[in-house]
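Residue strings, one per chain:
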Amino acid sequence: MDLEIESVQCDNVAQPFDYDGQTLHIELLQPLGTEPVKLAIAYRAEQPQRGLYFIGPDAHYPDKPLQIWTQGEDEDSRYWFPGFDYPGQVVTSEVRVRIPKNLRAISNGELVVTETEGDAAIYHWYQRQPHPTYLITLAVGNFAELQQEWQGIPVIYYVERGREDQAQRSLGKTPRMLGFLSQKYGYDYPYSKYAQVCVADFIFGGMENTSTTLLTDRCLLDERAALDNQRTESLVVHELAHQWFGDLVAIAHWSHAWIKEGAASYSEVQWVEQEYGADEGAYYLLQEARRYLSEDRSRYRRPIVTNIYREAIELYDRHLYEKGACVYHMLRGQLGDEQFDRAIQTFLHDNAHQPVETVDLLRAIAKATGRNLAYLFDQYVFRGGHPEFKVSYAWDNNSKLAKVTVKQAQAKDDERQCFDLRLPLAFGDVSGQAGAETVSQETVTVRVHQVEQSFYFPLARRPRFFSFDAGNYTLKTLVLDYPLNELKAQLQYDPDPVSRIYAAIALAKRGGITAVKALAQALTGDRFWGVRAEVAAQLTKLNLDQAVEALQAGVSDTDPRVRRAVLAALSKCRTAASYASVQRVAEQGDASYYTEATALRSLGKLAVGQSHESQQQAIALLEQVLTERAGWNEVVRSGALDGLSQFKTVPAAVDAILPYTELGTPQALRLAAIRALGEVSTGQAPAQVELILARLEAIAGESFFLIQVAVSHALGHMRDAGALALLSQLAEQTADGRVRRLAEEAMKSVQKHLDGKKALQKLRDDLDQLKQENQDLRSRLARLEAKNSD
């Protein structure tokens, strides 16, 4: 672990010890009594491979700031100091650090004293409240300091000098977030300060060290980035929420990390809802659910709480974060806002400064509300998966009955695989004049617990639309089979944006001109940008000229996020009009970095199907962007690299990408170039593939976490056996469990495609053999016929 243990003393008496590089065994000369003892371990650590990171300028990056920072989670603090490195062990901590006096040192808790000795400064920090060792932190650098406060508590931002405006723009809502979470959690922020330190080359987005969060400096926004970037705000509130969930209330074991990560992820939803409205919060949660669903569908399925893992860091996935957030939202749906808040407040007050397991959350809910929600935990936390609902709806006008049929597709006729849930169904009506309609809903709750169930509801008149799981509190997939008119009405009138999105998806599946008209109306008329963006994606699935024409209206939408969705949708419509619209934005740019990048990416996708001349023009434009449009976090130039990666049979695309994989390229752009190499490789000639493999092999030897992730991604997209060897080597040599898992999954992906190529080749060989045998047979028949004719 890179530590050199020099001595161990107990109450100033030297003790024999044994250290095997992983565990320090101390053989106490005297048995311990009940009185506290002072254990002192003298040690050295030089350039630890994990835990403590040294950042500074070099020949390739001469302008990089000189910094030191830590990253302890999951069990990496042991690489820079000896300790019991497990989350259930909470301790107070002190950090004394001697550094050049032109630098600043920030750590947990209170600054006890700063001393000067010649050219050096000594900082002494003390964290009075107990916390897990993975949260002990140190950040050193020539930081600028900005101060705000909340109820007398200092709120401090540390950033590289010259970026103060970006810090205020990006972090300035922190005091309001402190007030919001303190009120929501019923427990005032529990520490003497809250500092956020933005550091270079940080391997994650942020780390919630007690009272001192570290953030990647990539979160600092310039004015243009702030136009449509919500990630920074979400990151800030996420790490802040951890000061209660994870720091104040620690987890006893890594297998219960969802308690803190799910709560922090859900705080993002709560803040967005508070700051921007209910529609924004609902759509944010839908995106959280989709990220989990994607992992469940394409990678693996597991219970949220599990003891099956090689390294704890492997648990930090979409099940832990996003599904965890969805579980908290379901708890809110079951309890209602008031009781949900009371349960969370009870949980925090009852467990402050001590470790918890999932059962402690259940106990707090029961204590605060009298409700036993073990059935929900059994289905969503201790078991993998989610319900996959297929819902049909019909109206019988003669009997005035609404019929709702619900199938749980995941059960496959096995009742044991069914979820047992109580779900609200809403029948919607619309009254009033056009343009001033009033929407009302009648809601009933049903128990859904079988493979297939039908429900009948006598109603006074036919509803205009029907909503399944009204409010959409339940984590699920949902396929709707409603009459066309009901889907159109739901898309137009349902007050829940998520329900309108489900209706848009169902309309696109039905197809036809009527569906196009309804979606086109929503693209320009829906009040919420998220619905308009989703409608754009659905219009492309209709494969009708009218749908492509309808999309053109969205190119000029006032919201850049909708424009981005429309440009991405147009990339799937290979028409002259689509190409012209995308090309115009790619050439002229957009107010939004992200929209402009999407245009460049879409240009690459569309140009592949164009003439040779058009392809050359597109490549030339993308190369021009790479030389001229450097900017915030290299979003635009990364979009150009993505565009180039679409030219999978064009050697010039490889030649254009390769230089940006070299050291000295801005980190964000270099990572994009590495990923693009894998994408562009799949149709290249063998010589180009060998060139790409050689470049990735050279890069794979670098130890930086994000580089290793990018290399794993690139190699996983390749269709060459050489990628398997590199991935195997990376999986064996990496020090990070997540990189190891990514490399292993990438190996499976490559092997799958290689097996597919072998099967295809065998099929071709068999077909060739069959053709030859058929030809031989015809020749024999011809000879026999000729012989018989004689």
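Note that the coordinates shown come from a computational prediction; the quantities given were computed from them, not determined experimentally.

Undergrad: Would you take a moment to explain the sheet that holds strand E8 (residues 90-100) for this structure?
TA: What the three strands build is an open sheet, ordered E8-E11-E10; its pairing is antiparallel. The sheet terminates laterally at E8 and strand E10 (110-117), the two strands that pair on one side only. Taking each pair of neighbouring strands and ignoring which way they run, the sheet shows an average axis angle of 15 degrees. Where E10 meets strand E11 (residues 120-132), seven bridges bridge the pair, whose relative direction is antiparallel. Counted as the bridge partner of Thr116 is Ala121 from E11.

Undergrad: Hey, could you run me through empty space enclosed by the protein in this one?
TA: Space left empty within the atom packing is revealed by a probe, the size of a water molecule, rolled over the atoms. Tallying each qualifying case throughout the model produces two cavities of 30 Å³ or more. Volume-wise, the largest cavity comes out at about 60 Å³. Considering the residues around the largest cavity, the lining is formed by Lys184, Tyr185, Phe245, Ala263, Tyr266, Gln270, Tyr328, Phe340, Asp341 and Ile344. Residue assignment for the lining of the largest cavity shows that the elements contributing at least two residues are helix H2 (174-185), helix H4 (258-276) and helix H7 (337-351). Counted by class, the lining of the largest cavity contains seven nonpolar, one polar and two charged residues. Put simply, the second largest cavity is a space of about 40 Å³. Taken together, Leu478, Val479, Leu480, Tyr502, Ile505, Ala506 and Lys509 form the lining of the second largest cavity. Sorting the residues of the lining of the second largest cavity by element identifies strand E26 (477-481) and helix H11 (497-510) as the ones contributing at least two each. Broken down by element, the lining of the second largest cavity gets its largest block of residues, four residues, from H11. Classifying every residue of the lining of the second largest cavity gives six nonpolar, no polar and one charged.

Undergrad: Sorry, what's going on with helix H13 (residues 529-539) here?
TA: Note that an α-helix has 3.6 residues per turn; residues three or four places apart therefore point the same way. Within H13, 10 of the 11 residues are buried, which leaves it mostly tucked inside the rest of the structure. Buried within H13 we find Trp529, Gly530, Val531, Arg532, Ala533, Glu534, Val535, Ala536, Gln538 and Leu539. The secondary structure elements touched by the buried residues of H13 are helix H5 (278-298), helix H10 (484-493), H11, helix H12 (513-525), helix H14 (545-552) and helix H15 (560-570).

Undergrad: What is the right way to look at the pairing of strand E15 (residues 194-199) in this model?
TA: Taken residue by residue, a regular strand's side chains alternate between the two faces of the sheet. The element E15 is extensively covered by neighbouring structure, given that six of its six residues are classed as buried. The alternating pattern of E15 places Tyr194, Gln196 and Cys198 and Ala195, Val197 and Val199 on opposite faces, both of which are buried. Summarising the sheet, strand E14 (residues 153-160) and E15 pair through four bridges and their orientation is parallel. Residue pairing across strands places Ile156 opposite Ala195, the latter belonging to E15. When E15 meets strand E17 (residues 212-216), the two strands line up parallel, connected through five bridges. Bridge assignment links Gln196 to a residue of E17, and that residue is Thr213.

Undergrad: Is there a simple way to think about the packing of aromatic side chains in this case?
TA: Where two aromatic rings form a pair, the distance of their centres and the angle of their planes describe that pair. Overall, the coordinates contain 32 aromatic pairs when judged by the stated rule. A ring pair is formed by Tyr185 and Trp244, whose centres lie 5.3 Å apart and whose planes are at 70 degrees; its orientation type is edge-to-face. Here Trp244 lies in the loop between helix H3 (231-241) and strand E18 (250-251) and Tyr185 lies in helix H2, a separation of 59 residues in the sequence. Residue Trp244 is classed as buried on the basis of its relative accessible area of 0%. Pairing Tyr185 with Phe245 gives two aromatic rings, centres 5.2 Å apart and planes at 70 degrees, and the pair type is edge-to-face. Separated by 60 residues along the polypeptide, Tyr185 in helix H2 and Phe245 in the loop between H3 and E18 bring together distant segments of the chain. Just as Tyr185 is buried, Phe245 falls in that class too. Taken together, the aromatic side chains of Tyr185, Tyr189, Tyr191, Tyr194, Trp244, Phe245, Trp258, Tyr328, Phe347 and Phe377 make up a single cluster linked through ring pairs. Over the ring of Tyr61 we find Lys64, and its NZ or CZ is 4.9 Å from the ring centre. Geometry around Trp529 places Arg561 over its ring, the cationic atom sitting 3.8 Å from the centre.

Undergrad: What should I look at first to understand the packing of H10 against H12 in this one?
TA: Helix-helix packing is characterised by the crossing angle of the two axes and by the distance between the axes. Two numbers describe how H10 lies on H12: the axes approach to 10 Å, and their chain directions differ by 5 degrees. By the angle between their directions, the pair H10 and H12 is classed as roughly parallel. Every residue of H12 that contacts H10 at Leu484, Lys488, Leu491 and Gln492 is listed here: Thr514, Ala518, Leu519, Gln521 and Ala522. The residue makeup of the contact of H10 with H12, split by class, is five nonpolar, three polar and one charged.

Undergrad: Got a minute to help me understand the sheet that holds strand E25 (residues 465-468) in this structure?
TA: Strand pairs in the sheet, formed through backbone hydrogen bonds, run parallel or antiparallel to each other. Sheet architecture is open: three strands sit in the order E23-E22-E25, paired in antiparallel fashion. Bordering the open sheet on either side are strand E23 (438-448) and E25, each of which pairs with just one other strand. The mean inter-strand angle of the sheet, taken between neighbouring strand axes irrespective of direction, is 20 degrees. Across four bridges, strand E22 (residues 421-431) lies against E25 in antiparallel orientation. Across the sheet, the residue bridging to Phe427 is Phe466, located in E25.

Undergrad: Where do I start with the packing of helix H18 (residues 612-628) against helix H19 (residues 635-644) in this structure?
TA: Two elements in contact, H18 and H19, have axes separated by 9 Å at closest approach and are oriented at 150 degrees. In terms of their interaxial angle, H18 and H19 are classed as roughly antiparallel. The interaxial crossing formed by H18 with H19 has left-handed handedness. Contact residues: Ile619, Leu622, Val625 and Leu626 in H18; Val636, Arg637, Ala640, Leu641, Gly643 and Leu644 in H19. Partitioning the contact of H18 with H19 into residue classes produces eight nonpolar, one polar and one charged.

What counts and how
Residues numbered from 1 in each chain as written. Predicted model: local features only at pLDDT ≥ 70, side-chain atom pairs only at ≥ 80, totals over all residues. Heavy atoms only, no water. Pairing = 2+ DSSP bridges. Helix = DSSP H or I, 4+ residues; strand = E, 2+ residues; numbered from the N terminus. Axes fitted to C-alpha atoms, helices over the stretch in contact; angles between N-to-C directions. 1 Å grid on protein atoms, 1.4 Å probe; cavity = no way out; pocket = protein on both sides within 12 Å on 5 of 7 lines; lining within 4 Å. Points joined across faces, edges and corners; volume = space filled by probe spheres on them. Nonpolar A, V, L, I, M, F, W, Y, C, P; charged D, E, K, R; others polar. Buried < 20%, exposed > 50% of the residue type's maximum accessible area, 1.4 Å probe, protein only. Contact = heavy atoms within 4.5 Å. Phe/Tyr/Trp six-rings, centres within 6.5 Å; stacked < 30°, edge-to-face > 60°. Lys NZ or Arg CZ within 6 Å of the ring centre and 35° of its normal. Parallel < 35°, antiparallel > 145°, perpendicular 65-115°, else oblique. Left-handed = near helix turned anticlockwise from the far one by under 90°.

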